[in-house]
Amino acid sequence: QVQLVESGGGLVQPGGSLRLSCAASGVAFSIYDMGWYRQAPGKERELVAQITSGGTTTYVDPVKGRFTISRDNAKNTGYLQMNSLKPEDTAVYYCNVKRTIAVQAYLYWGQGTQVTVSS
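Just so it is clear, the structure is predicted and the values come from calculations on it, not from any experiment.

(A) Here's a closer look at the side chain of Glu6. If you trace the backbone, Glu6 turns up in strand S1 (residues 3-7). As a buried residue without a salt bridge, Glu6 has its nearest oppositely charged side chain in Arg45, at a separation of 7.2 Å. At 2.8 Å, the side chain of Glu6 forms a polar contact with the backbone nitrogen of Gly112. For Glu6, the contacting residues outside a window of four places in its chain are Ser21, Cys22, Trp36, Tyr93, Tyr94, Cys95, Gly110, Gln111, Gly112 and Thr113.

(B) Spotlight on the sheet that holds strand S3 (residues 18-25). Read across the open sheet, the four strands follow the order S1-S3-S8-S7; overall the sheet is antiparallel. Taken across any chain shown, the strands that pair with only one partner, and hence form the sheet edges, are S1 and strand S7 (67-72). Mean inter-strand twist for the sheet, computed between neighbouring axes without regard to direction, equals 15°. Note: S3 against strand S8 (residues 77-82), six bridges, orientation antiparallel. The residue of S8 that forms the bridge with Cys22 is Gly78.

(C) Quick peek at the packing of aromatic side chains. Scanning all chains against the criterion turns up three aromatic pairs. A centroid spacing of 6.5 Å and a plane angle of 85° characterise the contact between Tyr94 and Trp109, whose relative ring orientation is edge-to-face. One end of the pair, Tyr94, is in strand S9 (residues 91-101); the other, Trp109, is in strand S10 (residues 104-109), and 15 residues separate them in sequence. On the basis of relative accessibility, which here comes to 13%, the residue Tyr94 falls in the buried class. The class for Trp109 is partly exposed, based on a relative accessible area of 33%. An aromatic cluster is defined as three or more aromatic residues linked by ring pairs; in this entry it consists of Tyr37, Tyr94 and Trp109. Just above the ring of Trp109 sits the side chain of Arg45; from NZ or CZ to the centre is 4.6 Å. For the cation-ring pair, Arg71 lies above Phe29, with the distance from its terminal atom to the ring centre recorded as 4.5 Å.

(D) Molecular detail of the pairing of strand S11 (residues 113-117). Side chains Thr113, Val115 and Val117 of S11 all project onto a buried face; the interleaved residues Gln114 and Thr116 project onto a face where none is buried. Examined bridge by bridge, strand S2 (residues 10-12) and S11 share three bridges and lie parallel to one another. Bridge pairing in S11 links Val12 to Val117. Here S9 pairs with S11 via three bridges, running antiparallel. For Val92, the partnering residue across the bridge sits in S11 and is Gln114.

About the thresholds
Residues numbered from 1 in each chain as written. Predicted model: local features only at pLDDT ≥ 70, side-chain atom pairs only at ≥ 80, totals over all residues. Heavy atoms only, no water. Helix = DSSP H or I, 4+ residues; strand = E, 2+ residues; numbered from the N terminus. Buried < 20%, exposed > 50% of the residue type's maximum accessible area, 1.4 Å probe, protein only. Lys, Arg positive; Asp, Glu negative; His and termini not counted. Salt bridge = Lys/Arg side-chain N within 4 Å of Asp/Glu carboxyl O. Polar contact = N/O pair within 3.5 Å; in protein donor to acceptor, adjacent residues only side chain to side chain. Contact = heavy atoms within 4.5 Å. Pairing = 2+ DSSP bridges. Axes fitted to C-alpha atoms, helices over the stretch in contact; angles between N-to-C directions. Phe/Tyr/Trp six-rings, centres within 6.5 Å; stacked < 30°, edge-to-face > 60°. Lys NZ or Arg CZ within 6 Å of the ring centre and 35° of its normal.

Below is the structure:
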């Protein structure tokens with residue numbers, strides 16, 4: 001059974017930092033691409049950052065230069081370091097892992113962790 005467990009969310013003041021973790025089990029984590037998404041109240045879930053199994057990273061423009069995605073395959077864990085946080089970063093953050101083999105797509109989601117940026 002595949003399980004992704006996010007942790008590290010919380011309440012932080014504007015300008016502060018948080019590091020989110022995504023612990024994977026039941027899946028060969030190292031061969032999956034991993035992504036972080038977020039969903040603010042009343043909004044669609046949106047991509048924040050991705051890291052491929054080979055370590056290539058991409059970010060959406062609003063978080064470039066502030067967020068860093070990384071992975072430790074030995075620990076089956078992915079991370080999202082978030083610096084210079086802004087109130088608009090407030091959302092539930094989700095991680096996922098995905099892999100496509102031929103036409104078969106494998107996609108798994110965690111349960112999410114709340115990040116609130118407020119003074």
